[in-house]
Amino acid sequence: MWTDMNRTTAGSAGLDPAVLRDQLFEPWNQKDLQMLHLLALQGFSKLSEPLEALLTILEGCPGKQKGRSHLFGHHILVEFQKWTKEHPEVTLSALSEQQAASLQRRALSLLTDSQPSFADTLIDCYQLSSLDPATLRLHIIRMQSLNCYKEAAALSVKLNLQKELNMEEMCVPLILQSKLASAECFVTGHKHLELQLVTLLDSWCHPNFSVEHVIKKFPRLSLAKQPMGHIQAKLLTKQVFRLVEKFNIDPGLCPRALHKRRLDSLRFLMYKRFVEKGMTEDNWCDHVQYVVADDPELQIVLVEMLVKYDGLKKASQWSLRYNIPRHRLPIGLWETQQSLPPELQQIHLTDPARAEKWIPSQSHCERFYQVPISKDKVHFVDTQDALQRCRNIVLKEGGVVGVDMEWQPTFGCISTQRVALIQIAVCDQVFLLDLCANGFCQHPDTISFIRTLFSQRNVLKLGYGMSGDVKCLVATWQQFLEEPLKMEGMLDLLNVHKKIQHGKVKLKQNGTKEVLVGEDTAEKGLSLLVQQVLGKPLDKTEQMSNWEKRPLRISQIRYAVADACCLLDVYSVLSRNPAYFGLPADLCSVSSKPPEKSGDKRQKERQFKQKKQAHGEEECQGAQWVSPPRSEAEKGLLCGEKPQEPQNAPPLPPQQLRVVCDNMLQGLGRYLRCLGVDVVMLENTDDHREAARLAQAEGRVILTCGQPFQSLRSQVGEGRCLSLDCSEKAKDQAVRVLRHFNVHPTPRDIFSRCQACNSDEYVAVPRKYMVRMLKEKGFLKDQDDGDYTHQQEEENLSDTVTLGVTPELPRYAPQCQWAPLSGLDPDTLTFPGGAPMQLHTVPPGLLPRIPLFYVCTRCGKVFWEGSHFGRVLSMFQEVLHVTDEDAESVAARVTAAQRN
């Protein structure tokens, strides 16, 4: 076979690129990458014009645009890049200006919807950044016309074209398609574009904003049945404040988002005080004044809410406080104002200086964890002398201290929160560092003490969820941005709590159910850990206090002290008997591992995949390894199934199972969809409640995992919400769902639904029509279809799109709806729903081998018979129901796909 490498085209002194492509395809198809590498190095050296020949090869490769690591064109491009390092003379500078420009334009045409590695290499090899900005801009606009908005934005960033393009034209389609991250990447680093994006999102937070009006400005944008749940004022407000913090933009430039956030905060405070009754009057008044501020509209809303929640008297007091005009007062409030005696026209708050007992009531002591020290053992630290006394006690070598912090709740109106109080507990006393004391917070000795405390290796610091504390420390002291804190000798009990939780997942059928974090209890976080270990939860009433207001009330001080002392008590109990809680003897060995780099993750995934394949098990690309594996009984319990309950449901075809997958189960959704199940998948930015809405409106079953299960289950009927084990691989989750609902997929169901949009309606397009369309739209040049003979063309003239006579329709033809080709607009090549045919995804090199293409009428995606079917068949053979007729058909399909 290697002698063919010396064949050349007539009249040429170099190797024919088409010959080299065919010779490289064989080892790649056999997954012999080492041989592919050797043949590529030899073949590239025999090309007369390597840069031109590479483009010819790539243009004929199947799947050239996608650039995925497992595609042929990507491997050739990688090998060429390696080869050029040993042949530096192969550059564009060696060609004439006209030749170089021609090659650059051809290379640019390959970058329609390529992935980063593919694009980076082409840009580097052909110096695309040096092209005329006008030419590059036109290419970006052309990509947008093909609905490749995400790819256009990514390429414009690589080519540094942001200043040449219109921000709204680039970013609005991305936002509508739930791809805000791409829009964010497009503007990052360009201050004026960053401000434009944030201002745009802020304008969408207006109550009268209509997303339909925006969509009309982009008639070619493909949004077929795409939910617009992410275009909601609440979610948009969240994104605005996140970007304001990221881009360091003045929040005052976002008035609509700020008003929306304050309005939501006011509603929360009303619920917390008058419905849940979980906030004291003093705390509520402090927060309401902060949230309402000097916004007259919010002041009026506050009065209207008070009429609803608490009556006319309280509403009258606040309306007098803010001098609400009479014509804006609710009905009956003016008369109530006039009837109030002078002493009741003012809002009276509790005097913090009044006497309050350190030891609370008997009922409080019986219900909640109590501070184990007397009041005289609590020391306020607000001077440097007091700090020195604190330093001498806290920093003793070998000591153990509990550290907690409090800050003023801002309800999201300010992104960064400054620490107001730091509590440091030792065995018999507690120090409260008052960072609101004049001149104390920014004193050099205070900053030095904080650095020393957190970096002292021989002093064990206990905390709970310390990442949030550290973030607030950085917001309080900007010096920690310039010279970051060194964190030594830390033990975050949140990680210990997770370890305890993981050990208690095993449920006993005949025993009591262990209390898990956030499950079957009102307690959460540290309060739940204290309840599990010490028997009583924390009293969190003062958690949302105004911690910047002085003097602090006794109840606030007691709460702050309890939060620090309980850390020492919990640690003491866990250390005495760690095995009882499923912990190692050394609690400090329980820590959260630092996030792995993406390269490390990919390496581990490759190693695991090789290990699994060595044992003869098929592995799905992108599946994640989990440890340790659980038994079938445990997995059933985690999925919400009743133990030992037989499945008596009749067999169900995949088309009759309609599900909505939570955004944490998108991998599961893709697998179910490829087996023919009707699947709607939430986007990453969708709220979990969107799943309940879709389930109720469309009669779907909710598939979810984790904490959303409880709230979603309560919103739908019995058996309409299934919780999956998040630690399982997506393929195993799919098998579990199919078995749970007794779904019997067959080979005819594989790919019977569009993998992009879930539609089951296709149109069949014979090769001759596909060639004609590609030529008309400029995707196929004369040299690209030179392999066709006149005889082949005449054979193709008999191709039709009638279901009964079209040869070799896909095996899933009976499971789909088939539309006539006449429904396609011949001028725009768009379907009646407005979706354009995605011709740019059809590699010209496939045309000689594929007689019939199948196009989704909803999104325009083009499909053809390939090797994917065999992989899915092998992966799900345990649940597929295959008849003798299916087996013969499958064998023929797989053989044909391997030839192609």
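As a reminder, the structure under discussion sits directly above these lines.
Let us look at the structure shown here. (Residues numbered from 1 in each chain as written. Predicted model: local features only at pLDDT ≥ 70, side-chain atom pairs only at ≥ 80, totals over all residues. Heavy atoms only, no water.)

1. A closer look at the overall build of the protein chain
Helix and strand counts for the protein chain stand at 36 helices and 14 strands. A total of 900 residues make up the protein chain; the buried ones form 48% of that total. The long-range fraction of contacts in the protein chain, counting pairs at least 24 apart against all pairs at least 6 apart in sequence, stands at 68%. Of the roughly 44,900 Å² of accessible surface on the protein chain, a fraction of 50% belongs to carbon and sulfur atoms. (Helix = DSSP H or I, 4+ residues; strand = E, 2+ residues; numbered from the N terminus. Buried < 20%, exposed > 50% of the residue type's maximum accessible area, 1.4 Å probe, protein only. Contact = heavy atoms within 4.5 Å. Areas by Shrake-Rupley, 256 points an atom, 1.4 Å probe, with all protein chains shown as cover.)

2. Thoughts on the pairing of strand β13 (residues 852-856)
With five of five residues buried, β13 is to be regarded as a mostly interior element. Burial along β13 is two-sided: Leu852, Tyr854 and Cys856 facing one way and Phe853 and Val855 facing the other are all buried. As paired strands, strand β11 (residues 761-766) and β13 are joined by five bridges and run antiparallel to one another. Across the sheet, Val763 pairs through a bridge with Val855, a residue of β13. Pairing geometry for β13 and strand β14 (residues 862-863), over two bridges, is antiparallel. The residue of β14 that forms the bridge with Tyr854 is Phe863. The hairpin formed by β13 and β14 contains five residues between the paired strands, and Gly860 there has a positive phi angle of roughly 85 degrees. (Pairing = 2+ DSSP bridges.)

3. Quick look at unusual backbone geometry
Cis geometry marks the peptide bond from Arg550 to Pro551, where omega comes out at 0 degrees. Following the sequence through the fold, Pro551 ends up in the loop between α25 (525-534) and α26 (554-576). The phi angle at Asn323 is positive, at roughly 55 degrees, despite the residue not being glycine. Structurally, Asn323 is set in the loop between α17 (312-321) and α18 (333-339). With a relative accessible area of 63%, Asn323 lands in the exposed category. Positioned with a positive phi, Phe751 is a non-glycine residue whose angle comes to about 65 degrees. By secondary structure assignment, the location of Phe751 is in the loop between α32 (730-740) and β11.

4. Looking at helix α20 (residues 384-394)
Along α20, the positions that sit buried rather than exposed are Ala386, Leu387, Cys390 and Val394. Down the axis of α20, the sector holding all buried residues measures 100 degrees, keeping them to one side. In α20, the exposed residues that point more than 90 degrees away from the buried face are Asp385 and Arg389. Elements that come into contact with the buried residues of α20 comprise β1 (378-381), β2 (400-407), β3 (419-425), β4 (430-434) and α21 (444-455). (Arc of directions from axis to C-beta.)

5. Side note on the pattern of salt bridges
Under the criterion given, the structure shown has 30 salt bridges. A salt bridge links Glu542 to Arg553; the shortest N-O distance between them is 2.8 Å. With Glu542 in the loop between α25 and α26 and Arg553 in the loop between α25 and α26, this pair connects stretches of sequence that are eleven residues apart. Neither Glu542 nor Arg553 differs from the other in exposure class; each is buried. Here Glu878 makes a salt bridge to Arg739, at a shortest N to O gap of 3.1 Å. You can see Glu878 sitting in the loop between α35 (868-875) and α36 (884-899) and its partner Arg739 sitting in helix α32, a full 139 residues away along the chain. (Salt bridge = Lys/Arg side-chain N within 4 Å of Asp/Glu carboxyl O.)

6. Considerations on the sheet that holds β4
The sheet built from six strands is open, its strands ordered β1-β4-β3-β2-β5-β6 with mixed pairing. A single partner strand is all that each edge strand has here, and the edge strands are β1 and β6 (490-492). With direction set aside, neighbouring strand axes in the sheet form an average angle of 25 degrees. As paired strands, strand β5 (residues 460-463) and β6 are joined by three bridges and run parallel to one another. Counted as the bridge partner of Leu462 is Leu491 from β6. Taken strand by strand, α21 contacts β2, β3, β4, β5 and β6, and its axis lies near 45 degrees from that of β3. Contacts from helix α22 (residues 466-476) reach β2, β3, β5 and β6, with the element oriented near 60 degrees to β2. (Axes fitted to C-alpha atoms, helices over the stretch in contact; angles between N-to-C directions.)

7. As for the pairing of β5
By the alternation rule, side chains of β5 split into Leu460 and Leu462 and Lys461 and Gly463, which are all buried. In the sheet, β2 pairs with β5 via three bridges, with the strands oriented parallel. The residue of β5 that forms the bridge with Val400 is Leu460.

8. Brief notes about the environment of Cys754
Along the polypeptide, Cys754 turns up in the loop between α32 and β11. By relative accessible area, which is 0% here, Cys754 ends up buried. Residues Cys754 and Val862, spaced 108 residues apart in sequence, show a C-alpha to C-alpha distance of 9.4 Å.

9. Focus: the packing of helix α16 (residues 296-309) against α17
Their axes nearest at 7 Å, the elements α16 and α17 cross at an angle of 165 degrees. Comparing their axes, α17 and α16 come out roughly antiparallel. For α16 against α17, the interelement crossing comes out right-handed. Where α16 approaches α17, its residues Leu302, Val303, Leu306 and Val307 are matched on the opposing element by Leu312, Lys314, Ala315, Trp318 and Ser319. Broken down by class, the residue content of the contact of α16 with α17 amounts to seven nonpolar, one polar and one charged. (Parallel < 35°, antiparallel > 145°, perpendicular 65-115°, else oblique. Left-handed = near helix turned anticlockwise from the far one by under 90°. Nonpolar A, V, L, I, M, F, W, Y, C, P; charged D, E, K, R; others polar.)

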